[in-house]
Amino acid sequence: MNWKNVLRLISVDIKAGRLIRGQRLRRYREQKIFQYLEYGGACILGLAIGIGAGSFYAAVADPQLKTLFYQGARSLFLSLPSLALIFSLVFTMMGQIQRMGVRSSLQPPYWLPITWEEHTLASTLANLIGVPLAFLILLSLAIATVSIYLGQMPLAALTIFALMASAFLASTTTEIFRILQVRLIGAVYKSTGKAAVWVRFVGSMLFFVVFYVVWFAFSSGMGSVALIEAVAGAQKAVWFVPYVWLGMVLAAFMSGLLAHTVIFSLASLLFILTLFYVAVRLNARFGLYELPAITVSRGVYVPKVGFLGKLGFSSLESAVMRKDFRAFTRRRELMYVFIMPVVFILMPLMQYLGIYGRPVEPEPSRFLFAWILLVPGAIMAVMLGLMIIGEEGGSVWLFFSSPITARSLVKCKYAFVIILSFVAMLVCGAIGILVAHPSPDIAIALLIESILLILALGAVSLGAGIKGADFTEAPRPRMVRPLTAFVYTLLCLVLALAIFSPLLLHAVTMGYMPVPVPLPKIDLYVAVSISAVVALVITFVFYRIALKNAEEFLLKAEM
Amino acid sequence: MISTGEPAVKLSRVAKRYADITAVDYIDLDVKHGEILGLLGPNGSGKSTTLKMILGLVKPDSGSVNVLGINAEEDPVAVKKQVGYVPESPRLYEFLTGLEYLDFIGDIYGIEVSEKKKRIEEYLEALELEGREGDMISSYSQGMKQKIALISAFLHKPKLLLLDEPLNGLDPRSARIVKDLLRELKPQGVTTIMSTHILEIAQAMCDRIAIMYEGRLLALGNMKELRQKARLPGSDLEDIFLKLTGTEDIREVVEALLK
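Attention in this report is confined to the structure presented alongside it.

1. Notes on the overall build of chain B
Here is step 1: Helix and strand counts for chain B stand at ten helices and ten strands.
Here is step 2: For chain B, the C-alpha atoms occupy an extent of roughly 55 × 50 × 40 Å along the three principal directions.
Here is step 3: Residues classed as buried in chain B amount to 46% of the 259 residues present.
Here is step 4: Sequence-distant contacts in chain B: of pairs separated by 6 or more residues, those separated by 24 or more amount to 69%.

2. A short note on the packing of helix H3 (residues 98-108) of chain B against helix H5 (residues 142-154) of chain B
Residue and element names in this part refer to chain B.
Here is step 1: For the pair H3 and H5, interaxial distance at closest approach is 10 Å and the crossing angle is 20°. Here H5 runs roughly parallel to H3, going by the angle between their axes. When you trace H3 past H5, the crossing you get is right-handed. Of H5, the residues touching H3 (which contributes Gly98, Tyr101, Leu102 and Ile105) are Ile148, Ile151 and Ser152.
Here is step 2: When its residues are assigned to classes, the contact of H3 with H5 shows five nonpolar, two polar and no charged.

3. A look at the sheet that holds strand S6 (residues 83-86) of chain B
Residue and element names in this part refer to chain B.
Here is step 1: Sheet architecture is open: six strands sit in the order S6-S7-S8-S3-S9-S10, paired in mixed fashion. Every interior strand has two partners, whereas the edge strands, S6 and strand S10 (216-221), have only one. Strand-to-strand, the axes of this sheet are offset by a mean angle of 15°, without reference to chain direction.
Here is step 2: Taken together, the four bridges between strand S3 (residues 36-40) and strand S8 (residues 191-195) define a ladder with parallel strand orientation. From the neighbouring strand, Leu39 faces S8, where its bridge partner is Ser195.
Here is step 3: Packing against the sheet, H5 makes contact with S6 and strand S7 (160-164), and its axis sits at approximately 170° to S6.

4. Considerations on the interface of chain A and chain B
Here is step 1: Contacts between chain A and chain B engage 30 residues on the former and 32 residues on the latter.
Here is step 2: Breaking the side of chain A that touches chain B down by element, the ones donating at least two residues are helix H13 (315-330) and helix H16 (397-401) of chain A.
Here is step 3: Within the side of chain A that touches chain B, the residues separate by chemical class into 14 nonpolar, nine polar and seven charged.

Cut-off values and rules
Residues numbered from 1 in each chain as written. Chains lettered and ligands numbered in written order. Predicted model: local features only at pLDDT ≥ 70, side-chain atom pairs only at ≥ 80, totals over all residues. Helix = DSSP H or I, 4+ residues; strand = E, 2+ residues; numbered from the N terminus. Buried ≥ 20, exposed ≤ 12 C-beta atoms within 10 Å, placed from the backbone. Contact = placed C-beta atoms within 7 Å. Axes fitted to C-alpha atoms, helices over the stretch in contact; angles between N-to-C directions. Parallel < 35°, antiparallel > 145°, perpendicular 65-115°, else oblique. Left-handed = near helix turned anticlockwise from the far one by under 90°. Nonpolar A, V, L, I, M, F, W, Y, C, P; charged D, E, K, R; others polar. Pairing = 2+ DSSP bridges.

And the structure:
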């Protein structure tokens, strides 16, 4: 293994971030300070946490509290390898998901004298760069510092070693998953033929939903102390699973079982080496595997005479909308738009149905219904609006070179955002009605409110999506500049509150929400009418802004 | 509104700078209706920027661009309706099939349904894409993607074709079809401006050749006029090109590399 090659490949991966950071490409100069800022911040924070916790321990006079703190710290050390494994697994998988579907700039340079071992090691380590590495640095420094106060330096050293090994183990697992999923998808394409597009869509949706639900259930379903205790306890119960062996090393060391410590350490090392070997072999076998072509249609070509045409869209506008529909159902990096609303329904529902271990509520609340009906559609409108122009990526030259006007561009993109958000809202509303059985008055009022939110927020985010469009595609598509997305998401939140405030006022005056003083009642339909006026004014103003932004966008069509 | 008395494309004192780099340096160029003009020049000489300015994709810093009697800055949409464009590295929607992409292009240019079907089928057959038209473009080779990009440019029967390296990656049969097609479109008044690095193609196909270097128009004319300008009677385009661009020191470069 040529270690210099590994370092060179990792350095290429780090540099791929330049495209994401959106620096000017001509006469490029690296801003080292920004490149290492997150790691520097992690160092400072880790030291601060370590010193803070250590000083607290040193200052505590009560021996009982001191023992409790000491035991707590040991318990935390014990659970850290498994927690780091889960955390690294989630982040490296998320990194892979974002890269999927994009022709990566970091294809294996198979024509260069680089071995698959070097490539796999570089890829595995590069997966950890960024948030996972900063997190590891933070934890390691905090552990090292606090261990000086606790007098547990050997245990801290072993914990840090186990943390690093866990992260590597997680990244190797992700690497194996990445290679296998490419091969598996190839097999699915071949066996499903024309249905491959929909099999891929449904499969990806299911994968994302399960992934997010497990992650949210894991991270928000219990408190941090309960989580640490649960992990530490579960480790012992499933000691035969190789992924917890690093935790078992620490458990054995703490119990003074030297032989067990050595056995679990060697077993962990062997497991990591075996997984790495598997990743190398899989890469050598399938690393250059080309996915088979997906054949979507066969037979005689029959141009579709559009249904959209009957709704008043020109052939150009209908064509763009049809193209966008295909993009969102075929490009995996865009599919998460559909996942967020699903997750936003599942989270409160799972909580309500007691899946997180909390007691089942006796009666479904009005707020549960309001949440299910209002939030998914509105979120979808905001997300779609922000990304609907930037998702064009490098193919945007076609918009610049084709006879599309600003009016047509805004009309078809806005209509697409609204239609898809309406569909999400209707599906969520139906689920909400089945679960919460709201009164017809509440159901109708919230349905109208949801439509108003979608109309207004769709216009706001579309204007922002045009202004802040970012066509960078590698190593992952950006679609919208992060600052624009952040500012306009906040603006959408404020405007949503402004639209919804008459209904909130109605809820307060009707006594649905507790208030110290009784207030005169506001009729539901008066509240909805005021809300409608506010929403329509916002929609009108921001649609005009979107038009103006589109005119500028098409005029400054420089690629 | 198209005035046939005027040249198909007229560039007057057009300049474009990117930061401290001059991409196009005050060029004047008239292209006649039905003419095939070749744009030659080394990498970075301003060919692609010139093509983009004609289409209105890049706004010139100074000067004016008139295309088919329309000011490209004042009415870019009217210009785009009349133009077929193939960029140097066309990025297509890879999630669409070849057929879906061409159908999309047909709708973008408002081609009537039966006419669109007829033209798409003809082009797919001519360029040997039949049988693969239902596959996603992501699975196409570079040459197949280039064919799709070329069909997209021809589909709406444009009056002006702007082609940046149009024969990139094409197999000999398809390249021949495209060359013959461009020649056949000439009598119908279709103007073609194409940039290429393949000098033999430029010499064989183009009525006139414009040689660009560092954003400037060094020479413009037919082969006879270019030979006169370079003072190289009887020589081919390669010698003329190397002499005019001052890059004829090939022998010394090769010898230095072999040391």
